[in-house]
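Descriptive structure summary
What follows is each chain in one-letter form.
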Amino acid sequence: MSKTRFMTIERHIIEEERLHPEATGELSRLLSDLAIAIKIISLQVNKAGLVDILGLTGDENVHGEHVKKLDMYAHDMLFKAMDHGGHLCVMASEEEEDIIRIPDDFKLGKYVLLFDPLDGSSNIDANVSIGTIFSIYKRITPDHTPGTLDDCLQPGMKQVASGYAVYGSSTILVYTAGHGVHGFTLDPAIGEFILSHEDIKIPEKGKIYSINEGNYLYWHPGLKKYIKYLQEEDNATHRPYSSRYVGSMVADIHRTLLYGGIFMYPSDSRSHHGKLRLMYECNPMAFIVEAAGGKASHGSGRLMEIVPSNLHQRTPIYIGSKYDVDMVEEFIAREEKNR
Ligand code: AHM
Ligand code: MG
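Overview of the side chain of D116
Looking at the element boundaries, D116 is found in strand β5 (residues 111-119). Despite its burial, D116 pairs with no opposite charge; the closest candidate is R277, at 6.1 Å N-O. Ignoring anything within four residues of it in the chain, the contact list for D116 reads E94, G131, T132, I133, Y280 and E281.

Listed below in structure tokens is the structure:
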């Protein structure tokens, strides 16, 4: 039997807040509002096949990709759930080119919210897991004024909280406010997120690697050697590793968080900055994985130290168990030296 206490996410957030006597409760209310938006998105994702919501809107997003209806639904839902709480001064979404201002008639708060409303959306039609990712910062511009682009463009290490939901065989919400990573499973019967994974710690080393191997030809030679190394036999280091790649970052990183190992989306000779977005995808995941004792790198340094210059910028990412991320960095560095 699990020793986990029966605890809803709202209660958990309040109990966490009590550990910080200086807290005003604003962040707690913000997180609770997010949990509600995620419940509603989850419901819609589950109904996707039923309500003829699958398919394209016909529009393209700022990255030139086709936007699915559910992406826009999730984007609108998050905006509507978060615009009037009084906790935020500005938002930004992977689905929108510019920052999103808080409407004039609503109170402004001290936090900044960035989100990827529905990550892995190319998987929707095949019923493969997808997810929502969020990232929260404190504003750097003066209180009671509208938030700006500068509030959004902060390095990942300045995050105060981040989280994600995976819409998979069940819906799981994982979040951290910097200390401890906690996972909650949505009980559809009562519509509540219940604590199911308390204080998640990522294994120090794993036995699984996760990368799109179709891009092998274009990889850095150090990365090619690293993957070959993982495929060799060695009992002491539990090689060969297994390969797992869902193609939905949230699902791949959620598995990595629980089982250990490494998830990679590298830069390559065709995509010099990789594919995944620093602000909406990589930083929030890095904040969680580091809080769970893991590591996130851009290949030669800490991912969360990147100083962003653009809301939609991309970055290579190597994330997971510390041992495994150290190892890939070493392979890349060694090959760089020999070049
Ligand atoms: P999206 O934001 O358009 O959904 O794209 C991001 C997704 C990630 O979830 C996933 O890790 C990656 O794209 C997969 O890309 P690829 O198909 O190139 O392997
Ligand atoms: Mg995405």
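That covers the picture; the talk isn't over yet.
Considerations on the site of ligand 1
Taken together, 17 residues are adjacent to ligand 1, and D119, G120, Y245, M249 and Y265 come closest. One of the backbone nitrogen or oxygen atoms of S121 is found 3.3 Å away from an oxygen atom of ligand 1. Between ligand 1 and the protein, one listed contact pairs an oxygen atom with a backbone N or O atom of M249 at 2.6 Å. Looking at the shell around ligand 1, the elements with two or more residues in it are β5 and β13 (262-265).

Side note on the coordination of the magnesium ion (ligand 2)
Geometry reference: four tetrahedral donors at a metal, ideal angle 109.5 degrees. Six octahedral donors, ideal angles 90 or 180 degrees. The protein atoms that coordinate the magnesium ion (ligand 2) are E94 (OE), D116 (OD), D119 (OD) and E281 (OE), at distances of 1.9 to 2.6 Å. Coordination of the magnesium ion (ligand 2) draws on donor residues from a single chain, spaced E-x21-D-x2-D-x161-E in sequence. With E94 in the loop between β3 (88-93) and β4 (100-101) and D119 in strand β5, this residue pair connects regions lying 25 residues apart in the sequence. With a relative accessible area of 6%, E94 lands in the buried category. Residue classification places D119 among the buried positions, given a relative accessible area of 6%.

Notes on the domain arrangement of the chain
The domain architecture assigned to the chain consists of domain 1 (9-197) and domain 2 (208-338). Put simply, the middle of domain 1 and the middle of domain 2, counted by C-alpha atoms, are 24 Å apart. Each partner contributes residues to the interface: domain 1 has 47 residues there, and domain 2 has 30 residues. In this structure, the connection of domain 1 to domain 2 is made through 1 salt bridge. Here E94 and R277 are joined by a salt bridge, their closest N and O atoms 3.9 Å apart.

Describing a negative patch on the surface
Residues D76, E96, E97 and D98 make up a contiguous surface patch of negative charge. Judged by its relative accessible area of 51%, E97 is exposed.

Considering the side chain of S28
In this structure, S28 sits in helix α2 (residues 26-46). Here S28 falls in the buried class, since its relative accessible area comes to 10%. Apart from residues no more than four positions distant in its own chain, S28 is found in contact with I13 and E17.

Quick word on unusual backbone geometry
A cis geometry characterises the amide bond from R239 onward to P240, with omega recorded as 5 degrees. Considering the arrangement of structural elements, one finds P240 in the loop between α5 (221-231) and β12 (242-243). In this model, H144 sits at a positive phi of 65 degrees, which is unusual for a non-glycine residue. Checked against the element boundaries, H144 lands in the loop between β6 (130-138) and α4 (149-152). Residues other than glycine seldom take positive phi values, yet H238 does so here, at roughly 55 degrees. H238 sits in the partly exposed class, given a relative accessible area of 45%.

Parameters and conventions
- Residues numbered from 1 in each chain as written.
- Chains lettered and ligands numbered in written order.
- Predicted model: local features only at pLDDT ≥ 70, side-chain atom pairs only at ≥ 80, totals over all residues.
- Heavy atoms only, no water.
- Helix = DSSP H or I, 4+ residues; strand = E, 2+ residues; numbered from the N terminus.
- Buried < 20%, exposed > 50% of the residue type's maximum accessible area, 1.4 Å probe, protein only.
- Lys, Arg positive; Asp, Glu negative; His and termini not counted.
- Salt bridge = Lys/Arg side-chain N within 4 Å of Asp/Glu carboxyl O.
- Contact = heavy atoms within 4.5 Å.
- Near = heavy atom within 4 Å.
- Polar contact = N/O pair within 3.5 Å; in protein donor to acceptor, adjacent residues only side chain to side chain.
- Donors = N, O, S within 2.8 Å, 3.2 Å for Na, K, Ca; no water.
- Domains from an automatic or database assignment.
- Patch = residues over 30% accessible without salt bridge, like charges linked within 9 Å, V, L, I, M, F, W, Y side chains within 5 Å.
- Areas by Shrake-Rupley, 256 points an atom, 1.4 Å probe, with all protein chains shown as cover.
- Charge placed at Lys NZ, Arg CZ, Asp CG, Glu CD.

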